[in-house]
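Spelled out, the chains give:
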Number of protein chains: 4
Amino acid sequence: MTLQIGVIGTGAIGQDHIRRITQALSGARVVAVNDINPQQARDTVTRYQLDAIVHTDAHALVADPAVQALLVTSWGPTHEEFVLAAIAKGKPVFCEKPLAVTAEGCRRIVDAEIAHGKRLVQVGFMRPYDAGYRALKDVISSGKIGAPLMLHCAHRNPSVGDSYTTPMAITDTLIHELDVLRWLLDDDYVSAQVVFPRKSSHASSHLADPQIVLLETTRGVRIDVEIFVNCQYGYDIQCSVVGESGVANLPEPASVLLRSEARLGTTILTDWKQRFIDAYDVELQGFINGIRDGALTGPSAWDGYAAAVAADACVKAQETREVEAISMGARPAFYPR
Amino acid sequence: MTLQIGVIGTGAIGQDHIRRITQALSGARVVAVNDINPQQARDTVTRYQLDAIVHTDAHALVADPAVQALLVTSWGPTHEEFVLAAIAKGKPVFCEKPLAVTAEGCRRIVDAEIAHGKRLVQVGFMRPYDAGYRALKDVISSGKIGAPLMLHCAHRNPSVGDSYTTPMAITDTLIHELDVLRWLLDDDYVSAQVVFPRKSSHASSHLADPQIVLLETTRGVRIDVEIFVNCQYGYDIQCSVVGESGVANLPEPASVLLRSEARLGTTILTDWKQRFIDAYDVELQGFINGIRDGALTGPSAWDGYAAAVAADACVKAQETREVEAISMGARPAFYPR
Amino acid sequence: MTLQIGVIGTGAIGQDHIRRITQALSGARVVAVNDINPQQARDTVTRYQLDAIVHTDAHALVADPAVQALLVTSWGPTHEEFVLAAIAKGKPVFCEKPLAVTAEGCRRIVDAEIAHGKRLVQVGFMRPYDAGYRALKDVISSGKIGAPLMLHCAHRNPSVGDSYTTPMAITDTLIHELDVLRWLLDDDYVSAQVVFPRKSSHASSHLADPQIVLLETTRGVRIDVEIFVNCQYGYDIQCSVVGESGVANLPEPASVLLRSEARLGTTILTDWKQRFIDAYDVELQGFINGIRDGALTGPSAWDGYAAAVAADACVKAQETREVEAISMGARPAFYPR
Amino acid sequence: MTLQIGVIGTGAIGQDHIRRITQALSGARVVAVNDINPQQARDTVTRYQLDAIVHTDAHALVADPAVQALLVTSWGPTHEEFVLAAIAKGKPVFCEKPLAVTAEGCRRIVDAEIAHGKRLVQVGFMRPYDAGYRALKDVISSGKIGAPLMLHCAHRNPSVGDSYTTPMAITDTLIHELDVLRWLLDDDYVSAQVVFPRKSSHASSHLADPQIVLLETTRGVRIDVEIFVNCQYGYDIQCSVVGESGVANLPEPASVLLRSEARLGTTILTDWKQRFIDAYDVELQGFINGIRDGALTGPSAWDGYAAAVAADACVKAQETREVEAISMGARPAFYPR
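The rules behind these values
Residues numbered from 1 in each chain as written. Chains lettered and ligands numbered in written order. Predicted model: local features only at pLDDT ≥ 70, side-chain atom pairs only at ≥ 80, totals over all residues. Heavy atoms only, no water. Contact = heavy atoms within 4.5 Å. Buried area = accessible area lost by both parts, 1.4 Å probe. Salt bridge = Lys/Arg side-chain N within 4 Å of Asp/Glu carboxyl O. Polar contact = N/O pair within 3.5 Å; in protein donor to acceptor, adjacent residues only side chain to side chain. Helix = DSSP H or I, 4+ residues; strand = E, 2+ residues; numbered from the N terminus. Nonpolar A, V, L, I, M, F, W, Y, C, P; charged D, E, K, R; others polar. UniProt positions renumbered as here; feature names shortened; annotations may be inferred. Phe/Tyr/Trp six-rings, centres within 6.5 Å; stacked < 30°, edge-to-face > 60°. Buried < 20%, exposed > 50% of the residue type's maximum accessible area, 1.4 Å probe, protein only. Axes fitted to C-alpha atoms, helices over the stretch in contact; angles between N-to-C directions. Parallel < 35°, antiparallel > 145°, perpendicular 65-115°, else oblique.

With that out of the way, let us pick up the interface of chain B and chain A. Listed as interface residues are 35 residues of chain B and, on the opposing side, 35 residues of chain A. Taken together, the two surfaces of chain B and chain A that pack against each other cover about 2600 Å², and 60% of this comes from carbon and sulfur. Applying the counting rule to chain B against chain A returns zero salt bridges. Our count for the chain B to chain A interface comes out at seven residue pairs in polar contact (both at pLDDT 80 or more). Among the secondary structure elements, those contributing two or more residues to the side of chain B that touches chain A are strand E7 (148-156), strand E8 (189-195), strand E9 (211-217), strand E10 (222-228), strand E11 (236-243) and strand E12 (246-249) of chain B. Here the side of chain B that touches chain A is built from residues that sort into 16 nonpolar, eleven polar and eight charged.

Moving on, we get to the environment of valine 221 of chain D. Tracing the backbone shows valine 221 of chain D in the loop between strand E9 (211-217) and strand E10 (222-228). Taking the C-alpha atoms as reference points, valine 221 of chain D and leucine 149 of chain D, separated by 72 residues in sequence, lie 4.8 Å from one another. The residues contacting valine 221 of chain D, other than those within four sequence positions of it, are Arg198 of chain C together with Pro148, Leu149, Met150, Leu151, Leu185, Asp187, Leu215 and Glu216 of chain D.

With that settled, the discussion passes to the UniProt feature "domain: Gfo/Idh/MocA-like oxidoreductase C-terminal" (unreviewed entry) in chain A. Here the UniProt feature "domain: Gfo/Idh/MocA-like oxidoreductase C-terminal" (unreviewed entry) sits at residues 137-322 of chain A. Split by type, residues 137-322 of chain A is 35% helix and 27% strand. Its first and last C-alpha atoms lie 31 Å apart.

Quick look at the side chain of histidine 152 of chain D now. Mapped onto the elements, histidine 152 of chain D comes out in strand E7 (residues 148-156). One polar contact links histidine 152 of chain D to glutamate 226 of chain C, side chain to side chain, over a distance of 2.6 Å. Excluding residues within four positions of it along the chain, histidine 152 of chain D makes contact with Arg156, Ile212 and Glu226 of chain C together with Asp224, Gln238, Cys239, Ser240 and Val242 of chain D.

Once that is clear, we can look at the packing of aromatic side chains. Evaluation of the coordinates by the stated rule reveals 20 aromatic pairs over all chains. Their ring planes at 65 degrees and their centres at 5.6 Å tell us that phenylalanine 94 of chain C and phenylalanine 287 of chain C sit as a pair that is edge-to-face. Taken as a pair, phenylalanine 94 of chain C in strand E5 (residues 93-95) and phenylalanine 287 of chain C in helix H9 (residues 277-293) lie far apart in primary sequence, 193 residues in all. Phenylalanine 287 of chain C matches phenylalanine 94 of chain C in its accessibility class, with the two residues each being buried. Between tryptophan 302 of chain D and tyrosine 305 of chain D, the ring centres sit 5.0 Å apart and the planes meet at 45 degrees, which makes this aromatic pair tilted.

It is common to give the size of an interface as the accessible area lost on bringing the parts into contact. Residue-level contacts link 17 residues of chain C with 17 residues of chain A. Arginine 259 of chain A is the salt-bridge partner of glutamate 252 of chain C, the closest N and O atoms lying 2.7 Å from each other. The interface formed by chain C and chain A includes ten residue pairs in polar contact (both at pLDDT 80 or more). Per element, the largest residue contribution to the side of chain C that touches chain A is five residues, and it comes from strand E14 (residues 263-267) of chain C. Taken together, the residues of the side of chain C that touches chain A sort by class into five nonpolar, six polar and six charged.

Next up on the list: the environment of leucine 71 of chain D. Residues and elements named next belong to chain D. One can find leucine 71 in strand E4 (residues 69-72). According to the relative accessible area criterion, leucine 71 is buried, its value standing at 0%. On a C-alpha basis, the gap between leucine 71 and glutamine 122 in space is 9.7 Å, while along the polypeptide they are 51 residues apart. For leucine 71, the contacting residues outside a window of four places in its chain are Ile5, Gly6, Val7, Ile8, His17, Ile21, Phe94 and Leu284.

With that settled, consider the packing of helix H6 (residues 131-142) of chain A against helix H7 (residues 168-185) of chain A. Residue and element names in this part refer to chain A. For the pair H6 and H7, interaxial distance at closest approach is 10 Å and the crossing angle is 30 degrees. For the element pair H6 / H7, the angle class is roughly parallel. Of the residues in H7, those touching H6 at Tyr133, Arg134, Leu136, Lys137 and Ile140 are Glu177, Val180, Trp183 and Leu184. Considered class by class, the residues forming the contact of H6 with H7 number six nonpolar, no polar and three charged.

Laid out in structure tokens, this is it:
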């Protein structure tokens, strides 16, 4: 009854998922690994004391009869190829972000999965598995704040390296909001606009930071997301849902309330890896349990596609400074709400 | 040494200021009153046991030698006339909002005051006198959050009557933010845009509610103000200043922290009159002290004019749904920063 | 209609009250001053531009026909004498803490006031005039938390000088809680116990700091008050009322919520003078209005006596480390609840 | 490498731990179960689809060579017998609270474990595994608040049944604080006193509720714990550590901040099972990992004994209303700090 997993890509995130499966989660074990650097794959087997075969060819790993499900944590541009290979073999596959590097690539995966006839793909968007976002969604569903009308959000990082570019504010940062807010509202985006506030002196010369993205949904909900990746003070994720009769905020992470040096307050995380650390466990356990129960329920290939389409429009809106339409076509019945 | 004040307009706000001068503040007394309804003026004298003369003609009150300073709390469309009359007599005048019902009217007052050669006018914008906004400005000035880049604000009322119209969201509601945010940032607006979220089912049929106003300042600070006058849950004023290295929020009003019925929290005010109640005292005491000290420091005729120009642009932006420029001409040297 | 006040004692607190009457409050003015140091009295007249006579003899000031009410802000050991003199002349008197330096002295004032037949004395306990304590009392009265069963309190100062002694933790510090908690609960104390936690290394060698005082009331409410006068981090007053169905906390002072340097929080005051600064205004205005309206309502001579009796028991409990009874005799009908 | 566990007692908590091992944790599986009611044991095997043998004799289960470690979740009075049996076989054993129903019984387990020569026993105190208490201990260790001087704690339940008695406030409720506060402070208790506030009208006729327990530690730290098991409003655990230079509070559970119906606040849990739900997982995973790594680190038999001795003194203090000494003898070197 233990799910046998093959892992493609043993970099940082691959190893983290392997540790998770091996030491923290229930019902699965890693039986095969692959990496573009075979030595790294072998080192990973040693480090985590895995009883696993090392495949030097990723496609051989996908085809390995011992492998019942795939974890794709390789370099982004290779994701589409390996996910399509998994689908071709009819094997469930958990693919880290991005599902593919273009919306077209995502769409090919959607089409392949529909052609296969059953959901096989889960995309590694972890925020819908975060206890805070789940509690926020529960409040919305409870009717306590009425129908949502507006979302005010912020995604702040202490700082980024010089290689971080203006479009990455969308593709690497906002992408999480693009996913989780669709899920939170059970709605889709119809337009995007980007405005550029006064630039922070802490941002590198080529980077527009901060930015504000304005989104509109099919139901008319207006969303503003502040993206500020050199905010200095911490890693801070804010989401405030304004409904017809109340306002609900994403919980702050639990923290010791401290009185010291004339200040009363809590600690703000500075390392993004700590912020959603529990969600990664729940996400991957959800994938394992979904396979066991015969139905994946996490972020789908369609969700990966939708995020990619929205991100493309936002990047375009960065350039044009106009309101850009977001159009992803009709939602296939294969992916019910 | 007691300042002798004449009051034009003894409606609700006029009476409230009379009570304030008589029972709470120091250094002034009401010596003359006028109202379009003379009986109401007489009743006010009786109610507050004033040693004051009732003038049936407002201009006679302005001219009365016993009157050293004016309080204009009459109907809005009459403000310009009485303020100009006070300037003509060289008497200091505190005028409730609006200074005049058009930007042109405000400009005429500005020009008259400049021609007179000394500040005589204070406009009844009270938020710069609120301890919370002052503390927020102190934090900005302290450099703790670095240069301001963005402001996220909300102005929420529980509900409004059917007579409240879409432009009133600007002229009656946003007008307070238009004043106080200029003061907070020591900056001016250059453009405005209005977006309309999904309409609340609690809003009357002719009213667009909520609305979001996007402002830009000369220094590039981006401001979003949510106006939501049927939010049901309370009267709630939010202002979050995002600086280069930190974020500062307008304080919530002090309130008992209550644990009861499975909830942990404080009370939100529902009556707007309670929210800035202390600020009215400070504001009017500031006017009295300013006259005593020979220099008014509160919101000036120029501030009244600037708010009027910005409001006009926002109302236009409601109609056009485009980004509208805000242009008020050069700041006269008469009104130093 | 302006109340004419004579002030005995123009030290720091005397001057502060003079400033208050002259510049902030309504309905009174200072017409006479006295100080053991006549030059200081004269300087005070100059500093605040008072139209006041300087009496070199305090009793002459009390007797001065121009003086309608007294403010006693002289050295503590002289309070009893001057308050009794005011009562003898039938003049209302506001006396700073302590009403007298012994419970017997307080009792003599009580007896004199009763003999006079009308309330003349208000003691300078300001916390019942603090908006936070008033809001807390309102919550109790509202029934939202049911009948009070326990109070958990703390009185913390950043640090004290070497002259601060162990009994002063009661007579200078706890005295405020001894007054305000009686008022809050509308109840009296029946016993006191003091326990001594591990001593802070920041306390001077002769001082027991912190201390915890355990009080019991006639209705069985149990109160614990932590007194910690070298807590380093700020001036912090806590009061949590545990009722049968809920818990209510004294509001924290309103403060900007700041996100900076990986901390989310507010500022804690470090200067005790700031903590209840508004309450001093309300307190003294209450005295002025009470005289105008013919009935003093603030802390009475009986309240001053009750605090003194309780303080004596607490000091004894510091020494014996036993539970000490607090007995103040029956409340005279002259002082209704 | 999978740890094979035998479970004695398949009641509610036994089943919950079985579910945990089977569905949530990593590295262990249930291979044998026993219950005084054999049918319940068999039903449990079916319910959780265990590949496990049902022993009708608990001692046979302990002796079963397939069983590598024991979980004792049977009726409290049987714990001592089964834990001693496990020690006799040299098998690690996780025993739910209480370790034994008397301090003497706990001491016999301590002696048996010492005689065995290696730690085998972990007691089911879960709070030291709670992320909040761990964060609080980290703050203490960081030196940010200086040496702890006082702890102010509360343990509140919405309500209890009529079978809940006054001593159970110690043995069922305070027992958690008795364990976790020793761990938090790395200290031992030397005395206890209990005071009884005004009784809540919601408490049953025979129950003293609330109660306040005052503890003193070897280092002089003073602890007050309010126990209030009919507080109506929620399940609320408070712990405030006052150090020489700051105060740190146990984090409130993360919760959506809601603005609705004139209130601003979060939700308080009402079900105690939710409050430390994550800690149970961490606790039992810690037991499994400890066996794997050759060293148990969780609450020891000595901790179980210490809690029992302290509880006995508190129960005695309830009766005598005096300060009762807590004496547990010297800590054996076998149990290093």
